[in-house]
Amino acid sequence: MPRSRFDAFDHMMYIAHAWVADVAAAFGTEDRRYAYRVLRAWLHTLRDRLTSDSAAQFGAQLPELIRGVYYDG
């Protein structure tokens, strides 16, 4: 059975939640909103310091929802 669009979206959400959970664990906090803000700030700082080509290459390797945070916030 092929995956539906909703299954794909659920998978994207799962991956994004895993990234936020990893950041929360690294900072020793249960506050997922704080972890999200830290992740977003780090991604934007990294993006702003890379060359355009490097930033695009890095962004292409990110999971889809995290890529949206990376480019748009």
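Since the model is a prediction, treat every value here as computed from it, not as a measurement.

Procedures and definitions
- Residues numbered from 1 in each chain as written.
- Predicted model: local features only at pLDDT ≥ 70, side-chain atom pairs only at ≥ 80, totals over all residues.
- Heavy atoms only, no water.
- Helix = DSSP H or I, 4+ residues; strand = E, 2+ residues; numbered from the N terminus.
- Buried < 20%, exposed > 50% of the residue type's maximum accessible area, 1.4 Å probe, protein only.
- Core = buried A, V, L, I, M, F, W, Y, C linked by side-chain atoms within 4.5 Å.
- Contact = heavy atoms within 4.5 Å.
- Salt bridge = Lys/Arg side-chain N within 4 Å of Asp/Glu carboxyl O.
- Phe/Tyr/Trp six-rings, centres within 6.5 Å; stacked < 30°, edge-to-face > 60°.
- pLDDT = per-residue confidence, 0-100.
- Axes fitted to C-alpha atoms, helices over the stretch in contact; angles between N-to-C directions.
- Parallel < 35°, antiparallel > 145°, perpendicular 65-115°, else oblique.
- Nonpolar A, V, L, I, M, F, W, Y, C, P; charged D, E, K, R; others polar.

Draft legend 1. Highlighting the overall build of the protein. Looking only at helices and strands, the protein features 4 helices and 0 strands. Ordered by position in the sequence, the α and β elements of the protein form the string α-α-α-α. Counting only C-alpha atoms and orienting by the principal axes, one finds that the protein spans roughly 45 × 35 × 15 Å. Across the 73 residues of the protein, 22% fall into the buried class.

Draft legend 2. Inspection of the nonpolar core at higher detail. Of all hydrophobic cores here, the largest spans 13 residues; its most connected members are V23, A35, L39, L43, L62, I66 and Y70. Of all the elements in the fold, those that place two or more residues in this core are helix 1 (5–27), helix 2 (32–49) and helix 4 (64–71). Every residue in contact with L39, bar those within four places of it in the chain, is listed here: W19, V20, V23 and I66.

Draft legend 3. Spotlight on the pattern of salt bridges. Scanning all chains against the criterion turns up 1 salt bridge. The closest approach of N and O atoms between R47 and D48, which form a salt bridge, is 3.1 Å. Overall, R47 belongs to the partly exposed group, its relative accessible area being 22%. Since its relative accessible area comes to 53%, D48 is described here as exposed.

Draft legend 4. Focus on the packing of aromatic side chains. Tallying each qualifying case throughout the model produces 3 aromatic pairs. On the basis of an interplanar angle of 85° and a centroid distance of 6.1 Å, the ring pair of F27 and Y34 is categorised as edge-to-face. Using a relative accessible area of 49% as the deciding quantity, one classes F27 as partly exposed. Its relative accessible area of 32% is what places Y34 among the partly exposed residues. For the pair Y70 and Y71, a centre-to-centre distance of 4.9 Å together with 70° between the ring planes defines the contact as edge-to-face. Through a chain of ring-to-ring contacts, the aromatic side chains of F58, Y70 and Y71 assemble into a single cluster.

Draft legend 5. Broad picture of the confidence of the model for the protein. When pLDDT is averaged across the protein, the result is 92; 90% of the residues are at 70 or more. Confidence, expressed as mean pLDDT per element, reaches its minimum in the protein at helix 1 with 92 and its maximum at helix 2 with 97.

Draft legend 6. Layout of the packing of helix 3 (residues 52–60) against helix 4. At their nearest, the axes of helix 3 and helix 4 sit 9 Å apart, and the two run at 155° to each other. Here helix 4 runs roughly antiparallel to helix 3, going by the angle between their axes. On helix 4, the residues touching A55, A56, F58, G59 and A60 of helix 3 are R67, Y70 and Y71. Its residues placed into classes, the contact of helix 3 with helix 4 shows 6 nonpolar, 1 polar and 1 charged.

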